[in-house]
Amino acid sequence: MTTRVLLADDQALIRAGFKMIIDAEAGMQVVAEASDGREAVELARTQRADVVLMDIRMPVMDGLEATRRISADDSLAGVRVLVVTTFEDDDNVLLALQAGASGFVGKNVAPADLLQAIRVVATGEALLSPAATRGLIGRFLENLRPPVRTDGLKVLTDREREILILVAHGLSNEEIAARLFLSPLTAKTHVNRAMAKLEVRDRAQLVVLAYQSGLVNPGDQLPAS
């Protein structure tokens, strides 16, 4: 199976660089390029890409709104958005995750890491770099209003809540399995059940919800094993 990628960036040079890397990889293909968010949404609908590599700052329609529209379109339920950003100054990354993005990479990402990020997102197993994600979400949430605590997590079992906390701290399924003396498959099953119960698209949305609900707070330490 070939992973079909849509590039959305207003800088032609960046698109050309990403295209060269992706098209040179077996099993991947750039099927379309967009120079603004509106065009990205239209091409996502017509080209049936598996992954949209989405810049945030674009003319006509920015990447945040484009991500929202793709995520809200039931006909594009299988399309994953991978945000391309600069970690140092892009305060919109958390908003992109809330809008439905499955993860993010930096514009200076190494070619091998870009390809791996696309593979991960294509399978729905976001969040890419757990440590970076955790730190980034925590930093941005400190600047937002306090989390709104809801009863929405009551649908989870104690084990699922425990695993959700570990997911929010950036642990992979394998790390969760080792910590809780489970098989990786069992850990993945618990994560998938939590996503289904909470009606979120993928792991990225699960992490955001854990912070928004107050289950995990910026600065929290990883629970003792």
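Just so it is clear, the structure is predicted and the values come from calculations on it, not from any experiment. (Residues numbered from 1 in each chain as written. Predicted model: local features only at pLDDT ≥ 70, side-chain atom pairs only at ≥ 80, totals over all residues. Heavy atoms only, no water.)

Chemist: Can you help me understand the pattern of salt bridges in this one?
Modeler: Pairs may arise between side chains of opposite charge once their charged atoms sit close together. In this structure the tally under the stated criterion is 10 salt bridges. Between Glu 25 and Arg 119 there is a salt bridge whose closest N-O contact spans 2.4 Å. Pair noted here: Glu 25 is in the loop between helix 1 (12-23) and strand 2 (28-34) and Arg 119 is in helix 5 (residues 111-122), with a separation of 94 residues, a long-range link. On the accessibility criterion, Glu 25 (25% relative accessible area) is partly exposed. On the basis of relative accessibility, which here comes to 33%, the residue Arg 119 falls in the partly exposed class. Its salt-bridge partner being Glu 65, residue Arg 69 comes within 3.0 Å of it at the nearest N-O pair. With a gap of four residues between them, Arg 69 and Glu 65 both fall in helix 3 (residues 63-72), about one helical turn apart. Given the relative accessible area of 27%, Glu 65 is considered partly exposed. (Salt bridge = Lys/Arg side-chain N within 4 Å of Asp/Glu carboxyl O. Helix = DSSP H or I, 4+ residues; strand = E, 2+ residues; numbered from the N terminus. Buried < 20%, exposed > 50% of the residue type's maximum accessible area, 1.4 Å probe, protein only.)

Chemist: Is there a simple way to think about the pairing of strand 2 in this case?
Modeler: Two faces, one strand: in a regular strand the side chains alternate between the faces of the sheet. Burial of strand 2 is extensive: five of the seven residues sit out of reach of the surface. Bridging between strand 1 (residues 3-8) and strand 2 involves six bridges; their strand directions are parallel. Opposite Leu 6, over in strand 2, you have Ala 32 as the bridge partner. For the handedness criterion, the β-α-β arrangement of strand 1, helix 1 and strand 2 is classed as right-handed. (Pairing = 2+ DSSP bridges. Right-handed = clockwise from strand over helix to strand, strands pointing away.)

Chemist: How do you make sense of the side chain of Asp 73 when you look at a structure like this?
Modeler: Looking at the secondary structure, you find Asp 73 in the loop between helix 3 and strand 4 (80-85). At a separation of 2.6 Å, a polar atom in the side chain of Asp 73 contacts the side chain of Ser 75. (Polar contact = N/O pair within 3.5 Å; in protein donor to acceptor, adjacent residues only side chain to side chain.)

Chemist: What am I meant to see in the pairing of strand 4 here?
Modeler: The buried fraction of strand 4 amounts to six of the six residues, a majority that puts the element mostly inside the structure. The alternating pattern of strand 4 places Arg 80, Leu 82 and Val 84 on one face and Val 81, Val 83 and Thr 85 on the opposite face, and all of these are buried. Relative to strand 4, strand 3 (residues 51-55) runs parallel, the two being bridged by five bridges. Bridge pairing links Val 51 to Arg 80 in strand 4. In this view, the connection linking strand 3 to its parallel neighbour strand 4 by way of helix 3 has right-handed handedness. As judged from the four bridges shared by strand 4 and strand 5 (residues 103-106), these two strands associate in the parallel manner. The partner of Leu 82 across the bridge, within strand 5, is Gly 103.

Chemist: Even after reading the chapter, I still don't get the nonpolar core, so can you show me in this structure?
Modeler: Across soluble globular proteins, you tend to see nonpolar side chains buried next to one another. Counting residues in each nonpolar core, the largest one holds 30 residues, and the members touching the most others are Leu 6, Ala 8, Val 52, Met 54, Ile 70, Val 81 and Val 83. Counting residues per element, the ones that place at least two in this core are strand 1, strand 2, helix 2 (37-47), strand 3, helix 3, strand 4, helix 4 (93-99) and helix 10 (203-212). Setting aside residues no more than four positions away along its own chain, Val 81 makes contact with Val 52, Met 54, Thr 67, Ile 70, Ala 101, Ser 102 and Gly 103. Core analysis: the next-biggest nonpolar cluster, separate from the first, contains 23 residues, Leu 156, Val 191, Ala 194 and Val 200 among them. (Core = buried A, V, L, I, M, F, W, Y, C linked by side-chain atoms within 4.5 Å. Contact = heavy atoms within 4.5 Å.)

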